[in-house]
Amino acid sequence: MLKAVVIDPSAVARGLLNTVLLDGGYDVVGATHTCASAMVQLIKHHPHIVCIAREQIEKEGDAIREIRANWPKTLIFMVSSEMDAATIQAAHAMGVSGFIVKPFKADTVLNTIRNVVIAMVKRQRAAMEKAASEAPPAAD
């Protein structure tokens, strides 16, 4: 079961996303309103997924860099009601893996996360196959 942490200043949004993820089979190991308190959850649980509100990214911009540095395989999803091309491009540059749009629709949230996880697994498999094909043959 994939572990998730939700970071959103809105208790309602945290609760809704928490419910969607739990119903979708994810283990929500932390839900908090600030990046600082979320770091405790990240250290303790090493989650596979972090859902972070756009406001928190803008307010605590170093949080994404810290997550990327300490948990490079963790998938980061930006949660926002407003998504424009510039925001998406900047978020990708920071290391955001995907985007969840408010208001939440359970199927859309779960499909978004699923598609990003599948794409990541495909990239990892392709990289492993490429490395194996480029490796020198073993000496007998």
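Residues numbered from 1 in each chain as written. Predicted model: local features only at pLDDT ≥ 70, side-chain atom pairs only at ≥ 80, totals over all residues. Heavy atoms only, no water.

1. What about the overall build of the protein chain?
Counting its regular elements, the protein chain contains six helices and five strands. Projected onto its principal axes, the C-alpha coordinates of the protein chain cover approximately 60 × 35 × 30 Å. Expressed as a percentage of its 140 residues, the buried residues of the protein chain come to 39%. For the protein chain, contacts bridging at least 24 residues in sequence account for 65% of all contacts bridging at least 6. (Helix = DSSP H or I, 4+ residues; strand = E, 2+ residues; numbered from the N terminus. Buried < 20%, exposed > 50% of the residue type's maximum accessible area, 1.4 Å probe, protein only. Contact = heavy atoms within 4.5 Å.)

2. Here's the deal with the confidence of the model for the protein chain
When the pLDDT values of the protein chain are averaged, the result is 91; 97% of them are 70 or greater. The least confident element of the protein chain, judged by mean pLDDT, is helix α3 (residues 54-59) at 88; the most confident is strand β1 (residues 3-7) at 97. (pLDDT = per-residue confidence, 0-100.)

3. Thoughts on the nonpolar core
Counting residues in each nonpolar core, the largest one holds 20 residues, and the members touching the most others are Leu-17, Leu-21, Cys-51, Phe-77, Ile-100 and Ile-113. Those elements that place two or more of their residues in this core are β1, α1 (11-23), β3 (49-53), β4 (75-80) and α6 (106-134). For this core, the element with the highest residue contribution is α6, accounting for five residues. Among the nonpolar cores identified, the runner-up in size contains 19 residues, and Val-5, Met-39, Val-50 and Val-96 belong to it. (Core = buried A, V, L, I, M, F, W, Y, C linked by side-chain atoms within 4.5 Å.)

4. Comments concerning the sheet that holds strand β2 (residues 27-32)
Ordered in space as β2-β1-β3-β4-β5, the five strands form an open sheet in which the pairing is parallel. Either end of the sheet is taken by a strand with one partner, and the two such strands are β2 and β5 (98-101). Mean inter-strand twist for the sheet, computed between neighbouring axes without regard to direction, equals 20 degrees. Relative to β2, β1 is paired through five bridges, and the arrangement is parallel. Among the inter-strand pairings, Ile-7 is bridged to a residue of β2, identified as Thr-32. Of the strands in this sheet, β1, β2, β3 and β4 touch α1, which is tilted by about 175 degrees from β2. (Pairing = 2+ DSSP bridges. Axes fitted to C-alpha atoms, helices over the stretch in contact; angles between N-to-C directions.)

5. Comments concerning the environment of Lys-59
Relative to the helices and strands, Lys-59 resides in helix α3. For Lys-59, a relative accessible area of 65% corresponds to the exposed category.

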